[in-house]
Amino acid sequence: MTQRYTNIHRVFFLIMDLVTLNILFILPIFLFEKNPESDLKDLIILNLVANIIWLLSSYLLAAYVIYKQVNLRILARKTLISFGIFGSLVSVFVYLANFSNPNYLVLTIVFGFGLILLITRLTLISYVLYTRSNTKFFQKIIIIGYNETANNLINSFSSTQSNLRCLGCFDDIELDTNSTNFQYLGRIDKSLDFALGNKIAEIYCTLSPEKFPYLYELAETAEKQFIRFRFVPNIYEFLNRKAHLDFVDEIPVFSLRSEPMNYATAQLKKRIFDIVISTMVILFLLSWLLPLLAIIIKLDSQGPVFFRQQRGGKNNKGFSCIKLRTLSHVISSDTTVQVKQGDTRLTKVGSFLRKTNLDELPQFFNVLMGNMSVVGARPHMLQHDIRFAGLENRYIIRMLSKPGVTGWAQINGLRGEIKETLQLTKRIEHDIWYIENWDTWLDLKIIWLTIQKMVIGDKNAY
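None of the values given here were measured: they were computed from a predicted structure. (Residues numbered from 1 in each chain as written. Predicted model: local features only at pLDDT ≥ 70, side-chain atom pairs only at ≥ 80, totals over all residues. Heavy atoms only, no water.)

## Side note on the overall build of the protein
If you tally the helices and strands in the protein, you get 14 helices and 11 strands. Buried positions account for 44% of the 462 residues belonging to the protein. Counted over contacts in the protein with a minimum sequence separation of 6, partners at least 24 positions apart contribute 69%. Of the roughly 25,900 Å² of accessible surface on the protein, a fraction of 61% belongs to carbon and sulfur atoms. (Helix = DSSP H or I, 4+ residues; strand = E, 2+ residues; numbered from the N terminus. Buried < 20%, exposed > 50% of the residue type's maximum accessible area, 1.4 Å probe, protein only. Contact = heavy atoms within 4.5 Å. Areas by Shrake-Rupley, 256 points an atom, 1.4 Å probe, with all protein chains shown as cover.)

Take a look at the structure:
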């Protein structure tokens, strides 16, 4: 069942956080009444920047997306990471701007904001835990029709830690209660009397009303008694696989997969994320590391520092992928051949660059230009795209999104030379899984795991 956003919670916490943040900045302004005008101006500028940074970080991580059934772990994680990004970027801005205000004042404001976030989120968590443990907040439900859909439904209610409590199932075929994970309550014609006698809030029906027309009458009677009646269609009757449900106005539309990156707001969010990360990497890492690596590459072997190659991008549109050269410029006549373990074309420095993934760093310029994303399916050579598409029908699906500097397949050990079809299949499965499950938190997780692999090492990196 699709979870609905609780907009009241979202707006309430957003307004409260912004009001708190601005109050924390307003208080020192009164203290600076008799201080130099430059101090007051710096504080006002910092206040505006802090608001923008918080809105961006919370938006990128969907920190205010609170579902009807609150997932406490996700809420805490999103808030913590958003605050971490906020504190880091504010500190960087203060350092670069060289404000005259004392550092302890900025630290007090940042940590004061963190304390308010902690108090408000703990209050929400306490309220949620209280309502989940107190029986007076429970909503009792029953299910009509025992089948695979009903079984999946009850498992979903159990796993989401919701306030819904399923008392059992009604079906005209008597069930052996020992073989089901919830109680058989009787025949369908007894369901409404049971619902009225046990204060049932909702009835979920997994049977088709086209096959059982009397269900329409039952639904109407239930709603007259203020009991919500919900039909749960079994889409697997005509679509023998998982599917994603969307709506065009009020028309339900099924697609073969969920594509969270396909929405305009998600694309904007991911683009902002890419610009922020790539800009930080270019300014704070590549600005000094690339010149150093360029000198080492030049001293190690003859040839250019950078290597450009046409790769397949989003929607199979080619682009020029930038890498540091790792192969001998003299003997690397065929650049369409994948690098193998112990490849004689590798230079000494090139081997090190590949094992540490440092040869991929110039691709952050591709990210900034919009050809690539920080995280996505790794781009292959155009010749390999043609060959792999012939080996695996789902290969092209991975090109529904921009290719990445790193990806879900790579951090799961599926990188390097493809020696057999199974390796290709596994890589494609991971790339498609990423497309179907993307969110900003997943991108951050993949980036962190990539950094770990760069430090620890990857046996498939050569």
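## With respect to a nonpolar patch on the surface
Together, Val92, Tyr95, Leu96, Val276, Met280, Leu283 and Phe284 give the surface a local cluster of nonpolar side chains, amounting to about 690 Å² of exposed area. Those elements that place two or more of their residues in the nonpolar patch are α3 (72-97) and α8 (264-300). Ranked by the residues each element gives to the nonpolar patch, the list is headed by α8, at 4 residues. Mapped onto the fold, Leu96 is located in helix α3. (Patch = residues over 30% accessible without salt bridge, like charges linked within 9 Å, V, L, I, M, F, W, Y side chains within 5 Å. Salt bridge = Lys/Arg side-chain N within 4 Å of Asp/Glu carboxyl O.)

## A closer look at the pattern of salt bridges
Scanning the model with the defined rule gives 10 salt bridges in all. Among the salt bridges present, the one from Arg187 reaches Asp172, with a minimum N-O distance of 3.8 Å. Highlighted residues: Arg187 in the loop between β3 (184-186) and α6 (191-197) and Asp172 in the loop between β2 (164-170) and β3, separated in sequence by 15 residues. When the shortest N-O distance is used, the salt bridge between Glu429 and Arg394 registers 3.7 Å. Note that Glu429 is positioned in helix α13 (residues 421-437) and Arg394 in the loop between α11 (382-391) and β11 (404-406), a separation of 35 residues in sequence. Look at the salt bridges and you will find they share partners, linking Lys323, Asp359, Glu360 and Arg378 into a network.

## Description of the packing of aromatic side chains
To describe a pair of aromatic rings, you give the distance between the ring centres and the angle between the ring planes. On inspection of all chains with the given rule, the structure shows 10 aromatic pairs. A connected cluster of aromatic rings, assembled from ring pairs, spans Trp54, Phe83, Phe86 and Phe113. A cation over an aromatic ring shows up here: Lys269 above the ring of Tyr59, its NZ or CZ 5.2 Å from the ring centre. (Phe/Tyr/Trp six-rings, centres within 6.5 Å; stacked < 30°, edge-to-face > 60°. Lys NZ or Arg CZ within 6 Å of the ring centre and 35° of its normal.)

## Here we look at the UniProt feature "transmembrane region" (unreviewed entry) in the protein
The UniProt record annotates "transmembrane region" (unreviewed entry) at residues 12-32, 44-67, 79-98, 104-130 and 275-297. As a span, residues 104-130 carries 100% helix and 0% strand, and end to end its C-alpha atoms are 38 Å apart. Between the first and last C-alpha atoms of residues 275-297 the distance is 28 Å; the span itself is 100% helix and 0% strand. (UniProt positions renumbered as here; feature names shortened; annotations may be inferred.)

## Quick look at the nonpolar core
Counting 37 residues, the largest nonpolar core has Leu286, Leu324, Leu353, Phe364, Tyr434 and Ile446 as its most contacted members. Taken together, the elements giving at least two residues each to this core come down to α8, β9 (318-324), α9 (348-355), α10 (363-369), β10 (373-375), α12 (408-411), α13 and α14 (440-456). Considering each element in turn, this core owes the most residues, 10 residues, to α8. When neighbours within four sequence positions are excluded, Tyr434 is seen to be in contact with Met261, Lys270, Val375, Gly376, Trp408, Leu442, Asp443 and Ile446. By size, the runner-up hydrophobic cluster in this structure holds 26 residues, among which are Phe13, Val49, Val106 and Leu117. (Core = buried A, V, L, I, M, F, W, Y, C linked by side-chain atoms within 4.5 Å.)

## Quick word on the packing of α8 against α9
Packing of α8 against α9 brings their axes to within 8 Å, and their N-to-C directions diverge by 140°. Residue-level inspection shows Leu293, Ile296, Ile297 and Asp300 of α8 in contact with α9, the latter providing Lys348, Val349 and Leu353. Split by residue class, the contact of α8 with α9 holds 5 nonpolar, no polar and 2 charged. (Axes fitted to C-alpha atoms, helices over the stretch in contact; angles between N-to-C directions. Nonpolar A, V, L, I, M, F, W, Y, C, P; charged D, E, K, R; others polar.)

## Structural notes on α13
With 17 residues, α13 extends 24 Å from end C-alpha to end C-alpha; this agrees with the ideal 24 Å at 1.5 Å per step. Along its buried surface, α13 packs onto α8, β10, α11, α12 and α14. (Expected span 1.5 Å × (residues − 1).)

## As for the packing of α8 against α14
The geometry of α8 relative to α14 is characterised by a closest axis approach of 11 Å and an angle of 30° between their N-to-C directions. Relative to α14, α8 is oriented roughly parallel. Two packed elements cross with a definite hand, and for α8 against α14 that hand is right-handed. Residues Lys269, Lys270 and Phe273 of α8 form the contact with α14, whose participating residues are Thr440, Asp443, Leu444 and Ile447. Looking at the contact of α8 with α14 residue by residue, the class counts come to 3 nonpolar, 1 polar and 3 charged. (Parallel < 35°, antiparallel > 145°, perpendicular 65-115°, else oblique. Left-handed = near helix turned anticlockwise from the far one by under 90°.)

## Considerations on the sheet that holds β3
Adjacent strands of a sheet form backbone hydrogen bonds with each other and so pair up, either parallel or antiparallel. Read from one edge to the other, the open sheet built from 5 strands follows the order β3-β2-β1-β4-β5, with strand pairing classed as parallel. The open sheet is flanked by β3 and β5 (228-231), the only strands paired with a single partner. Between one strand axis and the next, the sheet turns by 30° as a mean value, whatever way the strands run. Inspection of the sheet shows strand β1 (residues 139-144) paired to β2 by 5 bridges, in the parallel sense. The partner of Lys140 across the bridge, within β2, is Arg165. (Pairing = 2+ DSSP bridges.)

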